[in-house]
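Tertiary structure, described
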Amino acid sequence: MLDLTKNWKKVIDSLYKGIMVIDTDGAIWHVNPAFERLTGFGADELMGNTCTMLACSCCEPWYGQEGFWCMLFGSGLAIKPMTCRINGKSGHPLNVIKQASILRNAKGDMVGAVETIWKMDDLKQSISANCCSGNSSGFFP
């Protein structure tokens, strides 16, 4: 039987999409290897810093609005997939699809969020390879 309390990190780290777990102050608690690969930052460079270091185009307009630093924590709702630009380690903007969901404790209080990112170029290549080349397996080439 799978015990997620012991294996959650293995599950997250196996995903192709970049995953970032943050607390309600925006401090980064975990990133998976795909997030490191996509952004060029190592986990040691990200963890403990705030996610604002990525200068996300979807989040920046919300910094400081209505007493919240992030629209996610202002609304308390999940963010549907949207296209954003984030800064990678190289300083060049990366076009990504980003989605975020609130994490809550047993009492229902917000304690953080999990964000997923997927590079637009990767998505376009995947769609093209799977839809246009006759590969209907749903797997990446």
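In what follows, the structure referred to is the one given above.
Below is a short write-up of the structure. Because the structure is predicted, anything quoted here is derived from the model rather than measured.

Rules of the game
- Residues numbered from 1 in each chain as written.
- Predicted model: local features only at pLDDT ≥ 70, side-chain atom pairs only at ≥ 80, totals over all residues.
- Heavy atoms only, no water.
- Salt bridge = Lys/Arg side-chain N within 4 Å of Asp/Glu carboxyl O.
- Helix = DSSP H or I, 4+ residues; strand = E, 2+ residues; numbered from the N terminus.
- Buried < 20%, exposed > 50% of the residue type's maximum accessible area, 1.4 Å probe, protein only.
- Pairing = 2+ DSSP bridges.
- Axes fitted to C-alpha atoms, helices over the stretch in contact; angles between N-to-C directions.

**With respect to the pattern of salt bridges**
Summed over all chains, the structure comprises three salt bridges. Among the salt bridges present, the one from Glu45 reaches Lys89, with a minimum N-O distance of 2.8 Å. You can see Glu45 sitting in helix H3 (residues 43–46) and its partner Lys89 sitting in the loop between strand E3 (79–87) and strand E4 (93–104), a full 44 residues away along the chain. Of the residues examined, Lys89 reaches a relative accessible area of 46% and is grouped as partly exposed. Note that Lys98 is salt-bridged to Glu115, the shortest N-O span being 3.3 Å. Residue Lys98 is found in strand E4, and its partner Glu115 is found in strand E5 (residues 110–119); the two are separated by 17 residues along the sequence. This pair shows no difference in class: Lys98 is buried, exactly as Glu115 is.

**Thoughts on the pairing of E4**
Pairing of E3 with E4 involves seven bridges; the strand directions are antiparallel. Opposite Asn87, over in E4, you have Pro93 as the bridge partner. A loop of five residues connects E3 with E4, the two strands running antiparallel in sequence, and Gly91 in this loop sits at a positive phi of about 90°. Relative to E5, E4 runs antiparallel, the two being bridged by nine bridges. Bridging across to E5, Gln99 finds its partner in Thr116. Between E4 and E5, which pair antiparallel one after the other, the connecting turn spans five residues, and Gly108 there sits at a positive phi close to 95°.

**Looking at the sheet that holds E4**
With respect to topology, five strands assemble into an open sheet ordered E2-E1-E5-E4-E3, the strand pairing being antiparallel. In this open sheet, the two strands that pair with only one neighbour each are strand E2 (28–31) and E3. The average angle at which neighbouring strand axes cross in this sheet is 30°, direction not considered.

Such coordinate-based values are descriptive only and should not be taken to indicate function.
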